[in-house]
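# What the coordinates show
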Amino acid sequence: MVLFLCCITVKINLCFSGIPYSLKALTLDGHLNFDEVHNAARDFGNRYQLLPSAVLHPNSVSDIATTVKHIWEMGSHSELTVAARGHGHSLQGQAQAHQGVVINMESLQGPKMQVYAENSSYVDVSGGELWINILHESVKYGLAPKSWTDYLHLTVGGTLSNAGISGQAFQHGPQISNVHQLEVVTGKGEIINCSEKQNSELFHSVLGGLGQFGIITRARISLEPAPDMVKWIRVLYSDFATFVRDQEYLISAEKTFDYIEGFVIVNRTGLLNNWRSSFDPQDPVQASQFKSDGQTLFCLELAKYINKDEKDLVNQEVESSLSVLNYIPSTLFLSEVSYIEFLDRVHVSEVKLRSKGLWEVPHPWLNLFIPQSKIHDFAKEVFGNILAETSNGPILIYPLNKSKWDNRTSVVIPEEDVFYLVAFLSSAVPSSKGTDGLEHILTQNKRILEYCETARLGVKQYLPHYTTQEQWRSHFGPQWEVFVRRKSTHDPLAILAPGQRIFQKAMPFS
């Protein structure tokens, strides 16, 4: 089977021959909707809107398999493609299928979520289940997943198709390192169970595979005991070298925190006052005298899990861990919150932004993995030059241990043992032509990427987006040939996830 490895740009194909009658005639537990398709052409990025021909609302995994198998059997003469859509949090149309079929994964009515509280505890969930629902269900048993994303209103299939990272990943690896088993519908419409021991090649292909090899319809996720409370801490640094030295120390220390992140603060006024709504300063007088105006500062964000019977011991450990760090003493802020409140912290911001009409705006995010040896060069140019004046959203920065990642999966990370996530989580003001407008932010993103390329930093994009095949080849590097072979095996017609723009559906010459 010939697979055309041709990257596509976003163009409207005026030659599309319409919806095949055979698709309308499929026998399904759920249903295909050919009219209400506009929502499936939207995502969190708010930059691409590609209308599908139909949206599948599956009631069963067999609905998904039947639809994909039907399109597979139509062969290369059909232009139909299929995209699985979770909670619609893609940034650049990755879960869209122009004039194809979008599967609404949140409609999937599989077996009910099941928590197994045994020696090796785990939860079986649908690929369309939200992580926030898994949290609420698993804590009923005193358990919870080990690795999270910062925002929990995402589907299991969506995050496992990328990696799924947050402040726990330095210790537990990404979410894809905490999966025991998957159920997958391949590009041929086969329903296959896979794990490290069963169909392992497909298992590792799908994890971090950008939806290219199969649709995740069910997952078995590792659990650990859930804490009662969380000690949540923020401290500030004015010196970048000191900031990263402390971060790197913490991710390698034997006794450390359960969550380690950080963020960059560019030219913010009244910063510590803003924190007071959620945190208490250890020294209110010193904190009130601290001035953040005009500075680029670096915040270290930490969390330590607490069980009620161990509270005193944990407080001693926190005090001991903080004592060896070199933050600005007046900027120590602490809070104690429930485990659920901590993990669902970003949703609070979402509610506020939605109430002001500021959630459904363009989000030209840029997420990068940067080798440890290059982080100082990167910071000097990006924070000292390109973004010296202002930022249009949070800028996350924290280190990760490569040893916690499985190199058999499809995800691409830098070569070094420690690498950093730097995430520019910008929001653009619609119709603005100023520094808060989409065009300006995209220009900044382009400057950052061009610098990384010119300086040969060995950077890899997380949630990657490219427009040429040469860029995709460069992104995957030595893994490209394996990625292509896996595609040829599991989705030879390139039916799945066309919105990633890696492969174009194989079409015959006419």
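Residues numbered from 1 in each chain as written. Predicted model: local features only at pLDDT ≥ 70, side-chain atom pairs only at ≥ 80, totals over all residues. Heavy atoms only, no water.

Take the sheet that holds strand β13 (residues 280-281) next. Across the sheet, which stays open at both edges, the nine strands sit in the order β13-β15-β11-β14-β12-β17-β18-β16-β19 with antiparallel pairing between neighbours. Unpaired on one side and paired on the other, β13 and β19 (460-462) mark the two borders of the sheet. Of the strand pairs in this sheet, strand β12 (residues 259-266) and strand β17 (residues 395-401) are connected by two bridges, and their pairing is antiparallel. Looking at the pairing, F263 lines up with L396 of β17. Its contacts with the sheet place helix α7 (residues 240-252) against β11 (229-237), β12, β14 (296-306), β17 and β18 (418-424), and it is angled at close to 40° to β17. (Pairing = 2+ DSSP bridges. Helix = DSSP H or I, 4+ residues; strand = E, 2+ residues; numbered from the N terminus. Contact = heavy atoms within 4.5 Å. Axes fitted to C-alpha atoms, helices over the stretch in contact; angles between N-to-C directions.)

Ranked by internal contacts, the top residues of the largest apolar core, which has 83 residues, are L160 and L182. Setting aside residues up to four positions removed in sequence, L182 forms contacts with L160, I192, N193, C194, F203, V206, L207, I216, R218 and A219. In this structure, V264, L334, C452 and L457 belong to the second largest nonpolar core, which totals 44 residues. (Core = buried A, V, L, I, M, F, W, Y, C linked by side-chain atoms within 4.5 Å. Buried < 20%, exposed > 50% of the residue type's maximum accessible area, 1.4 Å probe, protein only.)

So, on to the pairing of β14. Extensive coverage of β14 is indicated by the burial of 10 of its 11 residues. Alignment of β11 against β14, held across nine bridges, turns out to be antiparallel. Bridge pairing links K231 to K304 in β14. Across eight bridges, β12 lies against β14 in antiparallel orientation.

The next thing to look at is the pattern of salt bridges. What the rule picks out here adds up to 18 salt bridges. One salt bridge connects E317 with K304, and the closest N-O pair in it is separated by 3.5 Å. Residue E317 is located in helix α10 (residues 311-323), and its partner K304 is located in strand β14; the two are separated by 13 residues in the primary sequence. Notably, a salt bridge pairs D491 with K487, separated by 2.6 Å at the nearest N-O pair. Given the relative accessible area of 0%, D491 is considered buried. (Salt bridge = Lys/Arg side-chain N within 4 Å of Asp/Glu carboxyl O.)

Time to look at the environment of V318. Turning to its location among the elements, V318 is positioned in helix α10. Given the relative accessible area of 4%, V318 is considered buried. On a C-alpha basis, the gap between V318 and Q114 in space is 35 Å, while along the polypeptide they are 204 residues apart. With near-sequence residues (within four places) excluded, V318 lies in contact with K231, I233, F257 and K304.

Right, let's talk about the environment of F483 for a bit. Structurally, F483 can be placed in helix α16 (residues 480-490). On the basis of relative accessible area, F483 is assigned to the buried category, the value being 3%. Placed 19 residues apart in sequence, F483 and P464 show a C-alpha to C-alpha distance of 15 Å. Excluding anything up to four places from it in sequence, F483 contacts G209, Q212, F213, S410, F476, I502 and F503.

As for its placement among the helices and strands, S166 is situated in the loop between α4 (156-160) and α5 (169-172). Since its relative accessible area comes to 1%, S166 is described here as buried. A distance of 3.1 Å separates a polar atom in the side chain of S166 from a polar atom in the side chain of E261. Once you skip the residues sitting within four places of it in the chain, S166 turns out to touch W148, T149, D150, Y259, E261, R345 and Y398. (Polar contact = N/O pair within 3.5 Å; in protein donor to acceptor, adjacent residues only side chain to side chain.)

Now for α16. Turning to α16, its buried residues are W480, F483, V484, R486, K487 and H490. One side of α16 carries all its buried residues, which in axial view fall inside an arc of 160°. Packing partners of the buried residues in α16 comprise β8 (179-186), α6 (200-206) and α15 (469-476). (Arc of directions from axis to C-beta.)

For the rest of this paragraph, the subject is the packing of helix α13 (residues 375-386) against helix α14 (residues 438-454). As a packed pair, α13 and α14 sit with axes 11 Å apart at the nearest point and diverge in direction by 150°. Our classification of the angle between α13 and α14 gives roughly antiparallel. Like other packed secondary-structure pairs, α13 and α14 cross with a definite hand, here right-handed. Contacts between α13 and α14 pair D377, F378, E381, V382, N385 and I386 from the former with Q444, R447, I448, Y451 and C452 from the latter. Per-class residue counts for the contact of α13 with α14 are six nonpolar, two polar and three charged. (Parallel < 35°, antiparallel > 145°, perpendicular 65-115°, else oblique. Left-handed = near helix turned anticlockwise from the far one by under 90°. Nonpolar A, V, L, I, M, F, W, Y, C, P; charged D, E, K, R; others polar.)

Turning our attention to the packing of aromatic side chains. Counted by the stated rule, this structure contains 30 aromatic pairs. Look at F240 and F298: their rings are 5.1 Å apart centre to centre, the planes differ by 65°, and that puts the pair in the edge-to-face class. Here F240, found in helix α7, pairs with F298, found in strand β14; they are 58 residues apart in sequence, far enough to count as distant. Pair check on accessibility: F240 and F298 agree, each one buried. Judged by centre distance (5.8 Å) and plane angle (80°), the ring pair of F369 and W405 falls under edge-to-face. A residue pair is termed long-range when its members are at least 10 positions apart, and F369 in strand β16 (residues 366-371) and W405 in the loop between β17 and β18 qualify at 36 residues. In textbook terms, an aromatic cluster arises when at least three aromatic residues are bridged by ring pairs, as seen for F213, Y466, W472, F476, W480, F483 and F503. Against the face of W275 rests R234, its NZ or CZ located 5.4 Å from the ring centre. (Phe/Tyr/Trp six-rings, centres within 6.5 Å; stacked < 30°, edge-to-face > 60°. Lys NZ or Arg CZ within 6 Å of the ring centre and 35° of its normal.)

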